[in-house]
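Descriptive structure summary
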Amino acid sequence: MASVQLAKTLSDLGTNSVRELFNRTGSSEQSVFKQAQIAAIGSFYLKTGGIKGPLGLPVSNVKFTGQTAVRRFAGGQIAYQASDPKGEKQLAVRINYLGFRCLKESNWDQSTGSDEPYFLIGAVATNGSKVVRRAYSSINTNSVRTEVTDIATVGISGNRDNFTPPIVLGVAAMEHDLGSKDEAEKKVRKVLEEAEEKVDKLAQAVGPFLGIPVGNHVMPDWMRDIYIGWLPEWGVALLGLGDDEIGQNSKLLFDYNPEITQWQAPAIIGKHGDNDYNFVLPVDGGKEGKYELFFLIDLFTLSQEIQPRA
Ligand SMILES: [Ca+2]
Ligand SMILES: [Ca+2]
Ligand SMILES: [Ca+2]
């Protein structure tokens, strides 16, 4: 049976009042023993980085099985065992980009007889973001390129390396003429950084998620607005750069109903070159060209213990 360090839990909350403990958790639980575990789990969660840490967004309130408390998160769970909360298991995402097919080249050629598309592929998770640029030449209708490029890694460092679901995967597709690819990449990175800052600010205002109700999706609406909102901002940022804008597309992945306990990667759809793919991002730029980008997205359970940060 678990034993609860009430004094330590109260001190982590910065109070010595049991009544305040009940207020902070927002739980209607009547047992001080259970309230203390709920609060200790909340404090532990904040010490792993809260939503910006490996656990990410909460997907359940604290549930008791007998005398043991468990709270599930998008990236794992915190269980109150013996006399301390422990962060366990980490669900992580790996995204590999497998190349593309050009369904239709642009309507006119400029400096060369073929198209020179480049893709700024962005992945945004609650615990970080990344932009990868891939550029090509001699592309015409029906051209295919295959490759395996890691967009988001499943690493070995429990606290930092991995992307925790949900994830927004997006692409801004450009056709190179006289512009600077570096400048275009810089602009989309800046939009992503600003989105992350907005999320940080709002997350701090919302607080430690100790008492928020869990809705139909893992990602709260305010966060969804920001993470979906960066796509049109990419479009605006890329205007007038000297390269043609083919278009943008993005999709929110793994924003499941929290009741689902076993998340799964999408089913395999087919092969692009030699590689299985399970996700496609189409970009239809009309007269600027039309493309399909292929991805393989995998989910991993890493079974690591998550240590709180100092
Ligand atoms: Ca052409
Ligand atoms: Ca061109
Ligand atoms: Ca062009």
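In the block above lies the structure referred to throughout.
Owing to the predicted nature of the structure, the values given are computational and were not obtained by experimental measurement.

Thoughts on the pairing of strand β9 (residues 167-175)
Among the nine residues that make up β9, nine are buried, leaving the element largely enclosed by the rest of the structure. The side-chain alternation of β9 yields two buried faces, one formed by I167, L169, V171, A173 and E175 and the other by V168, G170, A172 and M174. Across nine bridges, the pairing between strand β6 (residues 117-125) and β9 is antiparallel. The residue bridging L120 from the neighbouring strand is A172, located in β9. With nine bridges joining them, β9 and strand β10 (residues 244-253) adopt antiparallel strand pairing. Counterpart to V171 in the pairing with β10 is N249.

Some thoughts on the nonpolar core
In this structure, I41, A123, I167, V171, L293 and F295 are the most contacted members of the largest nonpolar core, which totals 75 residues. When residues in this core are grouped by element, the largest group, eight residues, is from strand β5 (residues 91-104). Discounting residues that sit within four places of it in the chain, I167 has contacts with V93, A123, V124, A125, L253 and F254.

Some thoughts on the sheet that holds strand β13 (residues 279-284)
Reading across from one edge, β8-β5-β14-β13 is the order of the four strands in this open sheet, with antiparallel pairing throughout. In this open sheet, the two strands that pair with only one neighbour each are β8 (144-152) and β13. This sheet shows a mean twist of 20 degrees between the axes of neighbouring strands, independent of strand direction. Sheet topology note: the β5/strand β14 (residues 290-301) ladder contains twelve bridges and is antiparallel. If you follow L91 over to β14, its bridge partner there is T301.

Digging into the packing of helix α1 (residues 6-13) against helix α3 (residues 32-47)
In the contact formed by α1 and α3, the axes pass within 9 Å of each other and the chain directions differ by 50 degrees. Accordingly, the angle class assigned to the pair α1 and α3 is oblique. Crossing of α1 over α3 shows left-handed handedness. Across from L6, T9, D12 and L13 in α1, the residues of α3 making contact are A36, A39, A40 and S43. A breakdown of the residues in the contact of α1 with α3 according to their chemical character gives five nonpolar, two polar and one charged.

Side note on the sheet that holds strand β3 (residues 76-81)
Across the sheet, which stays open at both edges, the five strands sit in the order β1-β2-β3-β4-β15 with antiparallel pairing between neighbours. In the strand order of this sheet, the two ends are held by β1 (63-65) and β15 (305-306), each with one partner. Bridging between strand β2 (residues 68-73) and β3 involves five bridges; their strand directions are antiparallel. Bridged to F73 within β3 is G76.

Quick word on the packing of helix α2 (residues 18-25) against α3
Two numbers describe how α2 lies on α3: the axes approach to 10 Å, and their chain directions differ by 55 degrees. Relative to α3, the element α2 lies oblique. Handedness of the crossing formed by α2 with α3: left-handed. Touching V18, L21, F22, R24 and T25 of α2 are V32, Q35, A36, I38, A39 and G42, all from α3.

Focus on helix α5 (residues 221-237)
Turn by turn, an α-helix covers 3.6 residues, leaving residues three or four places apart pointing in a common direction. The terminal C-alpha atoms of α5, which comprises 17 residues, lie 24 Å apart, in line with the 24 Å expected from a rise of 1.5 Å per residue. A maximum bend of about 30 degrees is found in α5 at W230, where proline P232 lies one to four positions downstream. Taken as a whole, α5 has its buried residues at M223, I226, Y227, W230 and W234.

Examining the environment of Y277
In this structure, Y277 sits in strand β12 (residues 275-277). According to the C-beta neighbour criterion, Y277 is buried, with 22 such atoms within 10 Å. Taking the C-alpha atoms as reference points, Y277 and L293, separated by 16 residues in sequence, lie 10.0 Å from one another. Those residues within four positions of Y277 in sequence are excluded, and the remaining contacts are L98, I269, G270, H272, F294, F295 and L296.

Description of the environment of P220
Along the chain, the position of P220 falls in the loop between α4 (181-206) and α5. C-alpha separation for the pair P220 and L57, spaced 163 residues apart in sequence, amounts to 8.9 Å.

Criteria and thresholds
Residues numbered from 1 in each chain as written. Chains lettered and ligands numbered in written order. Predicted model: local features only at pLDDT ≥ 70, side-chain atom pairs only at ≥ 80, totals over all residues. Buried ≥ 20, exposed ≤ 12 C-beta atoms within 10 Å, placed from the backbone. Helix = DSSP H or I, 4+ residues; strand = E, 2+ residues; numbered from the N terminus. Pairing = 2+ DSSP bridges. Core = buried A, V, L, I, M, F, W, Y, C linked by C-beta atoms within 7 Å. Contact = placed C-beta atoms within 7 Å. Axes fitted to C-alpha atoms, helices over the stretch in contact; angles between N-to-C directions. Parallel < 35°, antiparallel > 145°, perpendicular 65-115°, else oblique. Left-handed = near helix turned anticlockwise from the far one by under 90°. Nonpolar A, V, L, I, M, F, W, Y, C, P; charged D, E, K, R; others polar. Expected span 1.5 Å × (residues − 1). Bend = angle between axes of the 7 residues up to and from the residue.

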